[in-house]
Amino acid sequence: MNYRVEQLAARAGVSVDTIRFYQGRGLIPPPRRRGRVALYGDSHLERLRRIRAWARQGLPLAVIKRMLDRPASEEADDRLLAAVAGERVGARTLSREELAAESGVPEPLLRAAESAGLLEPLRLDGEERFGEADLAMARAGLAILSAGFPLDELLELATGHARATQELAERAIELFDRDVRRGGDDSRSDPEAVARAFERLLPEATRLVALHFQRTLVARALERLARKRDGEALRRALAAVESGRLEVAWR
């Protein structure tokens with residue numbers, strides 16, 4: 001069946017501008033021409049539906065393009081991709097305005113966090129959206145900022161942490177891909193088993209990293225209090241540590 005761009009947009013549930021945006025990014029092929037009329041086919045419609053489904057799961061467009069271009073033999077990884085995307089987005093997405101309203105963080109500050117690499121919006125149907133993890137991070141950041149930290153120095157500290165975290169995550173993903181997903185060799189593991197392993201290991205890895213950071217932070221804080229001979233502050237800090245009130249929670 002042939003569609004003009006307006007008809008294709010209506011059938012796919014997207015705007016004409018979104019189709020042109022996807023076409024410009026190489027996600028859908030150009031239409032064929034009949035004179036001056038651009039005509040799209042059912043293959044374009046199916047491709048648009050796949051793009052929308054993956055985008056709603058939270059996959060970046062660069063990843064979606066690689067998935068669309070991949071050989072059919074590699075499509076067994078969809079279960080793992082869905083698990084990864086689900087962890088990134090959560091049950092819903094929010095616009096920047098909604099994120100600001102629910103987190104209490106002004107939009108200009110959210111944009112500063114995006115520029116620093118702390119927040120990364122998804123692009124769904126041409127609109128930038130944020131996941132539930134972004135909402136939790138925005139609320140946590142606001143709580144820390146409210147304690148009196150200077151905004152510029154806090155952003156600088158957070159940017160450095162983000163860079164280090166990205167490098168560490170890349171190495172962790174390489175280990176997972178080599179030793180879990182491929183089972184230590186070039187043969188593919190069962191995708192269902194790999195997805196279950198990811199879903200089981202992600203909370204444990206997150207908790208491990210968070211607890212290590214917390215333990216290091218508390219230890220350094222105690223050392224500084226001891227050097228300053230601030231006896232009362234040190235006593236209270238030790239009491240808080242011993243009570244377990246400082247233990248991090250994951251979900």
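Since the structure is predicted, the reported quantities are computational estimates derived from the model, not experimental observations.

Cut-off values and rules
- Residues numbered from 1 in each chain as written.
- Predicted model: local features only at pLDDT ≥ 70, side-chain atom pairs only at ≥ 80, totals over all residues.
- Heavy atoms only, no water.
- Phe/Tyr/Trp six-rings, centres within 6.5 Å; stacked < 30°, edge-to-face > 60°.
- Buried < 20%, exposed > 50% of the residue type's maximum accessible area, 1.4 Å probe, protein only.
- Helix = DSSP H or I, 4+ residues; strand = E, 2+ residues; numbered from the N terminus.
- Axes fitted to C-alpha atoms, helices over the stretch in contact; angles between N-to-C directions.
- Parallel < 35°, antiparallel > 145°, perpendicular 65-115°, else oblique.
- Contact = heavy atoms within 4.5 Å.
- Nonpolar A, V, L, I, M, F, W, Y, C, P; charged D, E, K, R; others polar.
- Core = buried A, V, L, I, M, F, W, Y, C linked by side-chain atoms within 4.5 Å.

Draft legend 1. View of the packing of aromatic side chains. According to the stated counting rule, one finds two aromatic pairs in the structure shown. Residues F21 and Y22 carry aromatic rings whose centres are separated by 6.0 Å and whose planes lie at 55° to one another, so their mutual orientation is tilted. By relative accessible area, F21 is classed as partly exposed at 24%. Seen from their ring centres, F176 and F198 are 6.2 Å apart, and the 80° between their planes marks the pair as edge-to-face. Taken as a pair, F176 in helix 9 (residues 151–181) and F198 in helix 10 (residues 191–227) lie far apart in primary sequence, 22 residues in all. Each member of the pair, F176 together with F198, is buried.

Draft legend 2. Geometry of the packing of helix 1 (residues 5–12) against helix 2 (residues 16–24). In contact at an axis separation of 8 Å, helix 1 and helix 2 are set at 100° when each is read in the N-to-C sense. The orientation of helix 1 relative to helix 2 falls into the category roughly perpendicular. Contacts between helix 1 and helix 2 involve V5, E6, L8 and A9 on the former and, on the latter, V16, I19 and R20. Considered class by class, the residues forming the contact of helix 1 with helix 2 number five nonpolar, no polar and two charged.

Draft legend 3. Seen up close, the nonpolar core. Among the nonpolar cores identified, the biggest contains 21 residues, and L8, I19, Y22, L27, L48, I51 and I64 are the most heavily contacted of them. Listing elements by their share of this core, those giving two or more residues are helix 1, helix 2, helix 3 (42–56) and helix 4 (61–69). With five residues, the single largest contributor to this core is helix 3. Core analysis: the next-biggest nonpolar cluster, separate from the first, contains 10 residues, V105, L109, F130 and L135 among them.

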